[in-house]
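Breakdown of the fold
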Amino acid sequence: MTQPEQGDAGRGVAVVTGGSRGIGAACARLLARAGWTVCVTYRSNEAAAQEVVRECDAAARALGTPAGAAAVAADLADPAQIPGVFTAADRLGPLTVLVNNAGIVDRQMRVDEMTAGRLTRMFTVNTVSSILCAGEAVRRMSTRHGGAGGSIVNMSSAAARLGSPGLYVDYAASKGAIDTLTLGLAREVAGEGVRVNAVRPGIIATDIHISSGEPQRPARMAGSIPIGRAGTADEVAQAVAWLCSPAASYTTGAILDVAGGR
Ligand code: NAP
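These remarks concern the structure in this document. Everything numeric in this text was worked out from a predicted model, so none of it was measured. (Residues numbered from 1 in each chain as written. Predicted model: local features only at pLDDT ≥ 70, side-chain atom pairs only at ≥ 80, totals over all residues. Heavy atoms only, no water.)

**Examining the overall build of the chain**
A tally of regular secondary structure across the chain gives nine helices and seven strands. Since a compact globule built from 262 residues should have a radius of gyration of about 18 Å, the 17 Å found for the chain is in line with a globular shape. The principal-axis extents of the C-alpha atoms in the chain amount to approximately 50 × 35 × 35 Å. With 262 residues in all, the chain has 53% of them scored as buried. Long-range contacts, defined here as pairs at least 24 residues apart, represent 75% of the contacts in the chain between residues at least 6 apart. Accessible surface, the chain as shown: approximately 11100 Å² in total, 54% of it carbon and sulfur. Computed over 24 positive and 22 negative side-chain charges, the inter-centroid distance for the chain is 4 Å. (Helix = DSSP H or I, 4+ residues; strand = E, 2+ residues; numbered from the N terminus. Rg over C-alpha atoms; globule rule 2.2 N^0.38 Å. Buried < 20%, exposed > 50% of the residue type's maximum accessible area, 1.4 Å probe, protein only. Contact = heavy atoms within 4.5 Å. Areas by Shrake-Rupley, 256 points an atom, 1.4 Å probe, with all protein chains shown as cover. Lys, Arg positive; Asp, Glu negative; His and termini not counted. Charge placed at Lys NZ, Arg CZ, Asp CG, Glu CD.)

**Brief notes about the nonpolar core**
Residues Leu 31, Val 38, Val 40 and Val 199 are the most contacted members of the largest nonpolar core, which totals 36 residues. Listed by contribution, the elements that provide at least two residues to this core are β1 (13–16), α1 (22–33), β2 (37–42), α2 (46–63), β4 (95–100), β5 (150–155) and α9 (233–244). Among all residues touching Val 38, those that are not within four sequence positions of it are Ala 14, Val 16, Ala 28, Leu 31, Ala 32, Cys 56, Ala 69, Ala 70 and Leu 92. (Core = buried A, V, L, I, M, F, W, Y, C linked by side-chain atoms within 4.5 Å.)

**Comments concerning the pattern of salt bridges**
In this structure the tally under the stated criterion is 14 salt bridges. Across the pair Arg 29 and Glu 55 runs a salt bridge whose closest N-O atoms are separated by 2.8 Å. With a gap of 26 residues between them, Arg 29 in helix α1 and Glu 55 in helix α2 connect regions that are remote in the sequence. A relative accessible area of 30% means that Glu 55 is categorised as partly exposed. A salt bridge links Asp 257 to Arg 161, with the nearest nitrogen and oxygen atoms 3.1 Å apart. Linking Asp 257 in strand β7 (residues 255–258) with Arg 161 in helix α5 (residues 159–162), this pair joins segments that are 96 residues apart in sequence. (Salt bridge = Lys/Arg side-chain N within 4 Å of Asp/Glu carboxyl O.)

**What about the site of the ligand?**
Taken together, 32 residues lie near the ligand, and Ser 20, Ser 44, Asn 101, Tyr 171 and Thr 206 sit nearest. Within the backbone of Arg 43, an N or O atom sits 2.9 Å from an oxygen atom of the ligand. The separation between an oxygen atom of the ligand and a polar side-chain atom of Lys 175 is 2.8 Å. Computed on the free molecule, the ligand has an accessible area of 900 Å², of which 97% lies beneath the protein chains in the complex. (Near = heavy atom within 4 Å. Polar contact = N/O pair within 3.5 Å; in protein donor to acceptor, adjacent residues only side chain to side chain.)

**Details of the layout of surface pockets**
What the largest pocket holds in volume is close to 1100 Å³. Considering the residues around the largest pocket, the lining is formed by 45 residues, among which Ala 102, Gly 103, Ile 104, Val 105 and Ile 208 are closest to the centre. Within the residue set of the lining of the largest pocket, elements represented by two or more residues are α1, β2, α4 (116–141), α5, α6 (169–189) and α7 (208–211). Here the lining of the largest pocket is composed, by residue class, of 20 nonpolar, 17 polar and eight charged. (1 Å grid on protein atoms, 1.4 Å probe; cavity = no way out; pocket = protein on both sides within 12 Å on 5 of 7 lines; lining within 4 Å. Points joined across faces, edges and corners; volume = space filled by probe spheres on them. Nonpolar A, V, L, I, M, F, W, Y, C, P; charged D, E, K, R; others polar.)

**Section: the sheet that holds β7**
Strand order in the open sheet formed by seven strands is β3-β2-β1-β4-β5-β6-β7, with parallel pairing between adjacent strands. The open sheet has two edge strands, β3 (70–73) and β7, and neither has a second partner. Mean inter-strand twist for the sheet, computed between neighbouring axes without regard to direction, equals 20 degrees. Helix α3 (residues 82–90) rests against β1, β2, β3 and β4 of the sheet, and its axis sits at about 155 degrees to β1. Across the face of the sheet, α9 comes into contact with β4, β5, β6 (194–201) and β7 while running at roughly 165 degrees to β6. (Pairing = 2+ DSSP bridges. Axes fitted to C-alpha atoms, helices over the stretch in contact; angles between N-to-C directions.)

**Some details on the pairing of β1**
What you see with β1 is no split at all: Val 13 and Val 15 on one side and Ala 14 and Val 16 on the other are buried throughout. Examined bridge by bridge, β1 and β2 share four bridges and lie parallel to one another. Residue pairing across strands places Val 15 opposite Cys 39, the latter belonging to β2. Handedness of the β1-α1-β2 crossover: right-handed. Sheet analysis places β1 next to β4, joined by four bridges and oriented parallel. Residue pairing for β4: Val 13 is matched across the bridge by Leu 95. (Right-handed = clockwise from strand over helix to strand, strands pointing away.)

Below, the structure written as structure tokens:
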């Protein structure tokens, strides 16, 4: 773990869970370029997380602000590890953004084959931890708690509206809950300076498809996507960065599909 130091507040601190790779890493880089001090979390790939930290620090230096990005290890299958992420982020400056990005899929199978252990892990990482992280963020950002406001972006999935039959209905259901979290929390804290939105990516070319047992899924599905190809992590991050920005000041409770028309 990179030891966080007190950084220049700038736009404040952005925590990006699962920021070591894929969509989260792309979000971290874009937010750093936009002036946030980024704190990425990762589960096990410290080398990848440290590379993202280096890229974020380079972006900060290019902006003329002190380099203060940090990486914090936390397995979100164990919610007890969540508070430590936010106390580490507190050392970087005031929290103004949370990107609830970390998420997992599992081997493709039918519901009648799924075990309780699989479901517990899926919902703990994708749903329970996202709600707990949102609570940590609200306690820091809400004017009700003395904060100065901020923005939460939850990473949903097109699976939430497609259901993923025969693939991972459990994953789809865990993301359906993320959509509902977004709608409810947005209304709960709208009067407290905190905006809450979700991005719902379609099929994006990242390593997540390896753990589903079908690494070639983005290429195989390309023909069934109206735009004709899988998306990139950067294309999802652009939507996240916009939702975090002051340009989205009147947008809350929105669920933005970034799915190539699928
Ligand atoms: P990815 O490339 O597999 O990256 C996953 C990230 O989450 C990594 O930083 C990983 O850390 C971290 N992570 C994994 N398990 C974790 C755990 N138990 N605790 C804490 N962190 C954990 O995934 P991605 O494709 O970028 O997906 C990011 C988000 O987008 C997920 O919520 C996913 O459901 C959603 N999404 C993805 C797609 C897609 O097609 N790719 C589509 C729709 C939605 P390590 O590097 O340490 O492993």
